[in-house]
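Single-letter residue listing:
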Amino acid sequence: MKKNIIISLLIAASLSSCGEYNKLLKSTDYEYKYEAAKNYFAKGQYGRASTLLNELITILKGTDKAEESLYMLGMSYYNQKDYSTAAQTFITYCNTYPRGTFTELASFHAGKALYLDTPEARLDQSGTYAAIQQMQKFLEYYPSSDKKQESQQMIFALQDKLVMKDYLSAKLYYNLGNYLGNNYEACVITAQNALKDYPYTHHREELSILVLRAKHEMAINSIEEKKQERFRDTIDEYYAFKNEFPESKHLKEAEKIFDASQKAIKD
């Protein structure tokens with residue numbers, strides 16, 4: 001124990017120059033490298049720490065230092081904002097040490113790293129699904145964790161991103177109108193599926209008014225045999241919208257659609 005403390009103190013004193021670091025990289029004294037990596041990590045020099053730890057995790061495999069080294073490597077990547085590599089390192093840690101000292105934290109940080117690495121809503125959302133899956137797995141294994149609330153908030157934020165993706169798709173269908181087919185119907189289906197899959201989304205009002213608009217356009221552009229049925233469907237949609245959002249900023253627009261639909265039925 002005293003020997004390790006002395007080694008750590010000597011390393012802390014000597015790791016002040018690039019020359020010393022370069023010598024360290026060439027060294028075959030792996031205990032020295034391990035203590036140096038810990039010191040770099042403690043000082044927030046995560047680039048140097050990760051370089052050393054990357055070499056050490058294979059060499060230290062099977063020793064009592066291997067577990068801590070792998071977790072520190074994950075945190076080094078995480079703190080450098082290399083979230084993709086950090087997540088993979090944390091997942092490797094959890095698979096290697098399912099009952100390890102840092103397994104709960106590694107599982108949480110794997111999910112958070114994936115969360116921080118998710119793309120904007122317009123892009124492919126496979127990473128968002130992966131982040132949700134990891135956070136749900138964390139909550140399943142650690143339901144009493146002090147990270148529970150933060151994890152749930154991240155899941156809600158990720159789900160909202162998926163809803164926004166659907167909203168943007170539905171809006172695109174609406175804007176395409178009748179170009180190369182009935183895009184209004186695709187708009188309605190996409191928006192309604194999002195509302196069904198994520199009933200508590202913050203985007204519920206925007207999706208709902210989009211459904212009302214699209215149904216009205218479908219009625220206007222329908223063949224005569226379907227107009228009356230679709231205008232009635234639009235009126236039903238109006239009542240559902242008004243009941244759920246009685247103070248909506250879109251209420252005037254909704255009332256105009258309602259009035260026009262009622263007039264179309266009377267005509």
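Every chain begins its residue count from 1, and numbering advances along the sequence as written. For a predicted model such as this one, the threshold for reporting local features is a pLDDT of at least 70, and the threshold for listing and counting side-chain atom pairs is 80 or more; totals across whole chains, interfaces and linings nevertheless cover every residue. Note: side-chain values were computed over all heavy atoms of the structure, leaving out hydrogens and water.

Engineer: Can you walk me through the packing of helix α7 (residues 103–116) against helix α9 (residues 148–176) in this structure?
Structural biologist: Note on geometry: axes are C-alpha line fits, over the in-contact stretch for helices, and angles between N-to-C directions span 0 to 180 degrees. A helix here means a DSSP run of H or I that spans at least four residues, while a strand means a run of E at least two residues long, and both kinds are numbered starting from the N terminus. At their nearest, the axes of α7 and α9 sit 11 Å apart, and the two run at 30° to each other. The orientation of α7 with respect to α9, classified from their angle, is roughly parallel. For α7 against α9, the interelement crossing comes out left-handed. In contact with F108, K112 and Y115 of α7, α9 contributes E150, S151, M154, A157 and L158. Its residues assigned to classes, the contact of α7 with α9 comprises 5 nonpolar, 1 polar and 2 charged. The labels follow the angle: roughly parallel below 35 degrees, roughly antiparallel above 145, roughly perpendicular from 65 to 115, and oblique for the rest. Rotating anticlockwise by less than a right angle from the far helix to the near helix defines a left-handed crossing, while the corresponding clockwise rotation defines a right-handed one. Throughout, a contact is declared for two residues whenever any of their heavy atoms are within 4.5 Å. Three classes are used: nonpolar for Ala, Val, Leu, Ile, Met, Phe, Trp, Tyr, Cys and Pro, charged for Asp, Glu, Lys and Arg, and polar for all others, with Gly counted as polar.

Engineer: How should I be thinking about the layout of surface pockets in this particular structure?
Structural biologist: If a probe as big as a water molecule is rolled over the atoms, it shows which places are left empty. Site definitions follow a grid-based scheme: protein atoms alone, a 1 Å grid, a 1.4 Å probe that fits but cannot get out for cavities, and for pockets an open set with protein on both sides within 12 Å along at least five of seven lines, plus lining residues having an atom within 4 Å of a point. Grid points are joined across faces, edges and corners, and a volume is the space filled by probe spheres set on the points. Its volume calculated, the largest pocket comes out at about 220 Å³. Contributing to the lining of the largest pocket are F90, I91, C94, N95, P98, T103, S107, A110, Q134, K137, Y141 and Y142. Put simply, the parts of the chain that give the lining of the largest pocket at least two residues each are α6 (83–96), α7 and α8 (126–141). With 4 residues, α6 is the single largest residue contributor to the lining of the largest pocket. Here the lining of the largest pocket is composed, by residue class, of 7 nonpolar, 4 polar and 1 charged.

Engineer: Just checking my understanding: could you explain the packing of aromatic side chains for this structure?
Structural biologist: Two aromatic rings, taken as a pair, are described by how far apart their centres are and by the angle between their planes. Ring pairs shown here join Phe, Tyr and Trp side chains whose ring centres sit within 6.5 Å, with only the six-membered ring taken for Trp; geometry is labelled stacked below 30 degrees between planes, edge-to-face above 60, and tilted in between. Under the counting rule described, the total for this entry stands at 15 aromatic pairs. On the basis of an interplanar angle of 70° and a centroid distance of 5.6 Å, the ring pair of Y78 and Y83 is categorised as edge-to-face. One exposure class covers both Y78 and Y83, and it is buried. Cluster of aromatic residues (ring-pair linked, three or more members): Y71, F90, Y93, Y97 and F102. In our convention, an over-ring charge means Lys NZ or Arg CZ found within 6 Å of a ring centre and within 35 degrees of that ring's normal. The cationic tip of R48 hangs over the ring face of Y21; the distance from NZ or CZ to the ring centre is 4.3 Å. When accessible area is computed with a 1.4 Å probe and restricted to protein chains, residues below 20% of their type maximum are described as buried, those above 50% as exposed, and intermediate ones as partly exposed.

Engineer: I tried to follow the pattern of salt bridges on my own but got confused; where do I start?
Structural biologist: When their charged atoms lie close together, side chains carrying opposite charge are able to pair. Here, a salt bridge means any Lys or Arg side-chain nitrogen found within 4 Å of an Asp or Glu carboxyl oxygen. Scanning the entire structure with this criterion turns up 9 salt bridges. The partner of K215 in a salt bridge is E237, and the shortest N-O contact between them spans 3.0 Å. Separated by 22 residues along the polypeptide, K215 in helix α11 (residues 204–220) and E237 in helix α12 (residues 224–244) bring together distant segments of the chain. Classification of K215 by relative accessible area gives buried; the value is 10%.

Engineer: Honestly, a nonpolar patch on the surface in this entry has me stumped. Any pointers?
Structural biologist: Patch rule: a residue counts if its relative accessible area is over 30% and it has no salt bridge; like charges are joined within 9 Å, and nonpolar side chains (Val, Leu, Ile, Met, Phe, Trp, Tyr) within 5 Å. Only the protein chains shown count as cover for residues, and the accessible areas themselves come from Shrake-Rupley with a 1.4 Å probe. On the surface, a nonpolar cluster with roughly 550 Å² of combined accessible area is contributed by L172, Y173, L176, Y179 and L180. Mapped onto the elements of the fold, Y179 is located in the loop between α9 and α10 (183–197). The exposure class assigned to Y179 is exposed, which follows from its relative accessible area of 55%.

Engineer: Where do I start with the environment of G111 in this structure?
Structural biologist: Secondary-structure assignment places G111 in helix α7. On the accessibility criterion, G111 (0% relative accessible area) is buried. C-alpha of G111 to C-alpha of S151: the two residues are 40 residues apart in sequence and 8.2 Å apart in space. For G111, the contacting residues outside a window of four places in its chain are A131, Q134 and M135.

Engineer: Looking at this structure, I do not really get α11. What am I missing?
Structural biologist: Since one α-helical turn is 3.6 residues long, residues separated by three or four positions face the same way. With 17 residues, α11 extends 25 Å between its outermost C-alpha atoms, agreeing within 8% with the 24 Å of an ideal straight helix rising 1.5 Å per residue. Of all 17 residues in α11, 12 are buried, a share of seventy percent or more. Among all positions of α11, only L207, S208, I209, L210, V211, L212, R213, A214, K215, H216, M218 and A219 are buried. Summarising the contacts, the buried residues of α11 are in contact with α9, α10, α12 and α13 (251–266). Given a helix with a known number of residues, its expected span is that number minus one, times 1.5 Å.

Engineer: Would you mind going over the nonpolar core with me for this structure?
Structural biologist: In summary, soluble globular proteins display a tendency toward joint burial of nonpolar side chains. Y78, F90 and L207 are the most contacted members of the largest nonpolar core, which has 48 residues in total. Looking at which element gives the most residues to this core, the answer is helix α5 (residues 66–79), with 8 residues. Core analysis: the next-biggest nonpolar cluster, separate from the first, contains 9 residues, Y238, F241, F245 and A254 among them. Nonpolar cores were defined as sets of buried Ala, Val, Leu, Ile, Met, Phe, Trp, Tyr and Cys residues, with membership established by side-chain atoms within 4.5 Å.

Engineer: Can you help me understand the confidence of the model for the protein chain in this one?
Structural biologist: The predicted coordinates ought not to be read in detail in places where the model reports low pLDDT. Values of pLDDT, which run from 0 to 100, indicate the predictor's confidence residue by residue. Here the protein chain shows a mean pLDDT of 91. Residues at 70 or above account for 93%. Within the protein chain, the element-level pLDDT minimum falls on helix α1 (residues 2–14), averaging 46, and the maximum on α7, averaging 98. In the model, residues 5–15 has pLDDT below 50 throughout and makes 16 contacts with residues more than four positions away in sequence or in other chains.

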